[in-house]
Amino acid sequence: MKEKSQVMDIDRSIYDIKDVENDAYRIKSGLTPEIIEKISKEKNDPIWMQQFRLQALQIYNEIPTPDWGPSLEGLDMDNIATYVRPNAKMQNNWKNVPQDIKDTFERLGIPQAERKSLAGVGAQYDSELVYHNVRSEVAQEGVVYMDIESAMKGEYADMVRKYFMKLVTPRDHKFAALHGAVWSGGSFVYVPKGVQLSIPLQSYFRLNAKGAGQFEHTLIIVDEGASLHFIEGCSAPKYNVANLHAGCVELYVKKNAKLRYSTIENWSKNMYNLNTKRAIVEEGGTIEWVSGSFGSHIGCLYPMSILKGDNSKMEFTGVTFAGSGQNLDTGAKVVHVGKNTSSFMNTRSISKSGGISTFRSSVVVEKSAKKAKSSVSCQSLMLDSESRSDTIPAMDIRTKDAAIGHEAKIGSISGDSVFYLMSRGMTEEDARALIVSGFADNVSKELPVEYAVEMNNLIRLEMKGSIG
């Protein structure tokens, strides 16, 4: 608390002191050049990043809010704190993390997962990373896994500057510009040529502050012939005011490299989840997306893959569960540029108690993408007559030498299936939950066992209406 009071004495015009009970301080809500400069000063940014933030703010003010998709009327940036710093410095030893923060992550199973099945872990609490560690044997192979701010100021500064927001630019859309202005925290990963990581790395993001935003940046470079599985987890407690998540993920998959990026999101239902994720894949490379979306009031998530190199591949496997009060607008986009490229999207969407689930797919095949192949499969399960599910495919094919397919199915739980399981001793609630878990098996079977169990637990909680 001493550190906090000293900060407040320095500049009361910028800081809001209402977060004393959380032992943290926040920069005042809203977006002004003065606030952006204060964030940059707090982060001790290099000059180029200070200028980048201010330019992104200017772009944010110029670009209109998207006029399609779910309504964002309930999101007022004047009421969102863009920076909240917990009263803790980043540690690479779990024992040194403050007890209240440690308790939160231990309830989420972070240290246990690290010991069992992870090559490294990063844990972010509000706007700052509080823990980051990588196994020594992984580091000895030359794998770099660290917080992106340290990378930006240390020996990887040139690499960060070369790649940072070059794949997702502030001009892409309004919330990419917002991210560029206020981003804080996140991870930097570099896997050297030929290194094959057999166990995953993970970052976990916890937004704990009321009426705040989280804007972490993840930058991953998998060099030629290397492979990586990266897992992202997210959660937040429920408040009666809006929270915002507008992170950014940039993935660079080099020649003959492979990256699997898995996400399990369990945001609370006051969250606006407006994340931007993009990958560019060079010759012979592969990007695999595995996505489980639970929670959040509004979700807009469309991971994009650019298959730049010949013989590059993309797979997207996803499941979305929209319950009461949720409007989850999700999907994926792929752009075929190289020859003999291939993409496959396989998704499941579930809606219950008036939830709205929308799947959008976009397949673009450039003129240069001869012999490209793409297939999109979307299946929807509606659990009652109040809910809604939509599929919105878009295809832009600019060559005749391509094979493109799309299928969509919608259905409900079979009464016969429920009766059969109940006749074997299950309750109706458990029978329905088991059927829904089986429907989402396309995602769970792609995850390490600990995360598959977590996802199935989330489905059971959603079926009971117990999540946020």
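Rules used in this analysis
Residues numbered from 1 in each chain as written. Predicted model: local features only at pLDDT ≥ 70, side-chain atom pairs only at ≥ 80, totals over all residues. Heavy atoms only, no water. Helix = DSSP H or I, 4+ residues; strand = E, 2+ residues; numbered from the N terminus. Contact = heavy atoms within 4.5 Å. Buried < 20%, exposed > 50% of the residue type's maximum accessible area, 1.4 Å probe, protein only. Pairing = 2+ DSSP bridges. Axes fitted to C-alpha atoms, helices over the stretch in contact; angles between N-to-C directions. Parallel < 35°, antiparallel > 145°, perpendicular 65-115°, else oblique. Left-handed = near helix turned anticlockwise from the far one by under 90°. Nonpolar A, V, L, I, M, F, W, Y, C, P; charged D, E, K, R; others polar. Polar contact = N/O pair within 3.5 Å; in protein donor to acceptor, adjacent residues only side chain to side chain. Phe/Tyr/Trp six-rings, centres within 6.5 Å; stacked < 30°, edge-to-face > 60°.

S.K.: Any details on the environment of Asn273? Residues and values, ideally.
M.R.: Here Asn273 is to be found in strand β15 (residues 271-273). Sequence spacing of Asn273 and Gly299 is 26 residues, and the spatial spacing of their C-alpha atoms is 4.7 Å. Beyond its immediate stretch of four places on either side in the chain, Asn273 contacts His245, Glu265, Trp267, Ser296, Ile298, Gly299, Cys300 and Leu301.

S.K.: Report on the pairing of strand β13 (residues 248-253), specifying residues and quantitative values.
M.R.: Counting buried positions along β13 gives six out of six residues, so the element sits mostly inside the fold. Side chains of β13 alternate between two faces, with Cys248, Glu250 and Tyr252 and Val249, Leu251 and Val253 buried alike. Examined bridge by bridge, strand β10 (residues 217-222) and β13 share six bridges and lie parallel to one another. Among the inter-strand pairings, His217 is bridged to a residue of β13, identified as Cys248.

S.K.: Could you give me a rundown of unusual backbone geometry, with the residues and numbers involved?
M.R.: With phi around 60°, Asn256 is a residue other than glycine that occupies positive phi space. Mapped onto the elements, Asn256 comes out in the loop between β13 and β14 (258-267). Look at Asn256 and you get partly exposed, because its relative accessible area is 45%. Residue Ser353 is not a glycine yet carries a positive backbone phi of 55°. Topologically, Ser353 is positioned in the loop between β22 (342-351) and β23 (356-365).

S.K.: Quick rundown of the packing of helix α2 (residues 33-43) against helix α3 (residues 47-62)? Include the residues and the values.
M.R.: Helix-helix packing: each pair is described by the crossing angle between the helix axes and the interaxial distance. With their axes 10 Å apart at the nearest point, α2 and α3 run at an angle of 155° to one another. For the element pair α2 / α3, the angle class is roughly antiparallel. As α2 runs across α3, the sense of the crossing is right-handed. Residues Pro33, Ile36, Glu37, Ile39, Ser40 and Lys43 of α2 form the contact with α3, whose participating residues are Gln50, Arg53, Leu54 and Leu57. Across the contact of α2 with α3, the residue classes break down as five nonpolar, two polar and three charged.

S.K.: So, the side chain of Glu232: which residues are in play, and what are the values?
M.R.: Following the sequence through the fold, Glu232 ends up in strand β11 (residues 227-235). Note on Glu232: relative accessible area 1%, which makes it buried. A polar side-chain atom of Glu232 sits 2.9 Å from a polar atom in the side chain of Tyr261. Side-chain polar atoms of Glu232 contact the side chain of Thr263, separated by 3.2 Å. Residues within four places of Glu232 in sequence aside, it is in contact with Ser203, Phe205, Val249, Tyr261, Ser262, Thr263, Ile264, Asn275 and Lys277.

S.K.: Before we move on, can you summarise the packing of aromatic side chains with the specific residues and values?
M.R.: Per the counting criterion, the structure on display carries nine aromatic pairs. With a centroid separation of 5.6 Å and an interplanar angle of 70°, the aromatic rings of Phe52 and Phe164 are classed as edge-to-face. On the criterion of sequence distance, the pair formed by Phe52 in helix α3 and Phe164 in the loop between α8 (157-163) and α9 (174-182) is long-range, its members being 112 residues apart. Assessed through its relative accessible area of 15%, Phe52 is described here as buried. Since its relative accessible area comes to 1%, Phe164 is described here as buried. Ring geometry for Tyr145 against Phe230: centres 6.1 Å apart, planes inclined by 85°, an arrangement best described as edge-to-face. Of the two residues, Tyr145 sits in strand β6 (residues 144-147) while Phe230 sits in strand β11, which places them 85 residues apart along the sequence.

Any link to function would need more than the numbers given here.
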